[in-house]
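Overview (structure and organization)
Chain residues, written in single-letter form:
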Amino acid sequence: MLVHPQFSPIAFEIGPLAVRWYGLMYLVAFVLAWTLGRWRIRHGKTALTTRDLDDLLFYCVLGVVLGGRLGYVLFYKPGYYLSHPLEIFAVWQGGMSFHGGLLGVLLVMALFARRRGFRFLQLGDFVATLVPLGLAAGRLGNFINGELWGRATTVPWGMVFPQAGDGVARHPSQLYEVGLEGLALFAVVWLFASKPRPMGQVSGVFLMGYGFFRFMVEYTREPDSFLGILAGGLSMGQWLSLPMVLVGLALFVWARRPAA
């Protein structure tokens, strides 16, 4: 049985400024996206320019932060934040939703596409290749913080998370997410996008891949204590992932239609 190392949440300090690991992982995520985006531009994989990339990533930062926070508020604790509206802005207390962040990114992509004259799915196919490694960085941040731990298990690599307060060995589900939603999804989407594809198919593969991997990992992840298991024996994360798989499949099939 393993025990979580209990890393300090602070990566380093510069005078009175404390840089936390989770915030640092957000920075790593966007640096990775910027680096991969420039590679795709340099190798002629997209019509975007480096200036478009810089501006788009700025938009996406806003979409991730605002969408992720509002998604958490609306999907997970609407009643609580309705009674404590000022705490919506207390992002330092934690509480971000991937699905909310995704919706935020889709919204800013639509605005960006309209302003710059791009097709929405053209941007979607480009961004889809940049996201998975950033997701891996975020989940690594969850593991470092010892949060979002897994369900109780007897597997040899089960890990005790002292923050859980029960001394029970649990799945290190954050690392499963690093491997599946991050590294495996990156490999699938990047390789698929390495050849010319009908517009929208890369986005479809990303949505299907993330939705499937997240749905499966949720079976090892401890449900939120304030929600538990919902209808159909599924968690909130699973219910939010199912539409992603369906939309991704529909988009993949739609993109293959013969040109009019």
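The structure this text deals with has already been given above.
Summary of the structure given here. Everything quoted here is computed from the prediction, not taken from an experiment.

Within the largest apolar cluster, 21 residues are counted, with the highest numbers of intra-cluster contacts made by Leu56, Leu123 and Phe126. For this core, the secondary structure elements donating two or more residues are helix 1 (21-42), helix 2 (50-75), helix 4 (98-116), helix 5 (120-128) and helix 7 (173-192). At five residues, the largest contribution of residues to this core is made by helix 4. If near-sequence neighbours (up to four positions away) are discounted, Leu123 is found in contact with Leu48, Leu56, Met109, Phe112, Ala113 and Phe118. Listed in part, the 18 residues of the second largest apolar core include Phe98, Val205, Tyr210 and Met244.

Let us look at the packing of helix 4 against helix 9 (residues 236-255). The N-to-C vectors of helix 4 and helix 9 enclose an angle of 35°; their axes lie 10 Å apart at closest approach. Where helix 4 approaches helix 9, its residues Phe98, His99 and Leu102 are matched on the opposing element by Gly237, Leu240, Ser241 and Met244. For the contact of helix 4 with helix 9, the class distribution of residues is four nonpolar, three polar and no charged.

On inspection of all chains with the given rule, the structure shows 15 aromatic pairs. Ring centres 5.5 Å apart and planes at 75° place the aromatic pair Tyr59 and Phe112 in the edge-to-face group. Taken together, the residues Tyr59 in helix 2 and Phe112 in helix 4 connect sequence positions 53 residues apart. You can call Phe112 buried: its relative accessible area is 1%. Geometrically, the ring pair formed by Phe192 and Phe252 is tilted, given 6.1 Å between the ring centres and 45° between the ring planes. Of this pair, Phe192 sits in helix 7 while Phe252 sits in helix 9, placing them 60 residues apart in sequence. Like Phe252, Phe192 is buried.

Moving on: the pattern of salt bridges. Side chains carrying opposite charge are able to pair once their charged atoms draw close together. As enumerated under the stated definition, the model contains eleven salt bridges in all. The salt bridge involving Asp55 is made with Arg116; its shortest N-O contact spans 2.4 Å. Note that Asp55 is positioned in helix 2 and Arg116 in helix 4, a separation of 61 residues in sequence. Overall, the relative accessible area of 22% leaves Asp55 in the partly exposed class. Close ionic contact of Arg221 with Glu177 constitutes a salt bridge, the shortest N to O distance being 3.4 Å. Here Arg221, found in the loop between helix 8 (201-217) and helix 9, pairs with Glu177, found in helix 7; they are 44 residues apart in sequence, far enough to count as distant. Exposure remark for Arg221: the relative accessible area of 9% places this residue in the buried category. Its relative accessible area of 1% is what places Glu177 among the buried residues. The network of salt bridges with shared partners includes Arg139, Glu177, Glu181, Arg214, Glu218 and Arg221.

Turning next to the pairing of strand 3 (residues 17-20). Looking at chain direction, strand 2 (residues 10-14) and strand 3 are connected through four bridges and run antiparallel. Directly across from Glu13, in strand 3, lies its bridge partner Ala18.

Our next topic: the sheet that holds strand 4 (residues 159-160). In spatial order, the strands read 1-4-5; together these three strands make up an open sheet with mixed pairing. Taken across any chain shown, the strands that pair with only one partner, and hence form the sheet edges, are strand 1 (2-3) and strand 5 (169-170).

Here Gln201 is to be found in helix 8. Side-chain polar atoms of Gln201 contact the backbone oxygen of Phe252, separated by 3.4 Å.

All right, on to the layout of surface pockets then. Empty space among the atoms becomes apparent when a probe as large as a water molecule is rolled across them. Taken as a whole, the second largest pocket spans an internal volume of roughly 310 Å³. Arg40, Lys45, Asp125, Arg197 and Val202 are, among the 16 residues lining the second largest pocket, the residues nearest its centre.

Conventions and cut-offs
Residues numbered from 1 in each chain as written. Predicted model: local features only at pLDDT ≥ 70, side-chain atom pairs only at ≥ 80, totals over all residues. Heavy atoms only, no water. Core = buried A, V, L, I, M, F, W, Y, C linked by side-chain atoms within 4.5 Å. Buried < 20%, exposed > 50% of the residue type's maximum accessible area, 1.4 Å probe, protein only. Helix = DSSP H or I, 4+ residues; strand = E, 2+ residues; numbered from the N terminus. Contact = heavy atoms within 4.5 Å. Axes fitted to C-alpha atoms, helices over the stretch in contact; angles between N-to-C directions. Nonpolar A, V, L, I, M, F, W, Y, C, P; charged D, E, K, R; others polar. Phe/Tyr/Trp six-rings, centres within 6.5 Å; stacked < 30°, edge-to-face > 60°. Salt bridge = Lys/Arg side-chain N within 4 Å of Asp/Glu carboxyl O. Pairing = 2+ DSSP bridges. Polar contact = N/O pair within 3.5 Å; in protein donor to acceptor, adjacent residues only side chain to side chain. 1 Å grid on protein atoms, 1.4 Å probe; cavity = no way out; pocket = protein on both sides within 12 Å on 5 of 7 lines; lining within 4 Å. Points joined across faces, edges and corners; volume = space filled by probe spheres on them.

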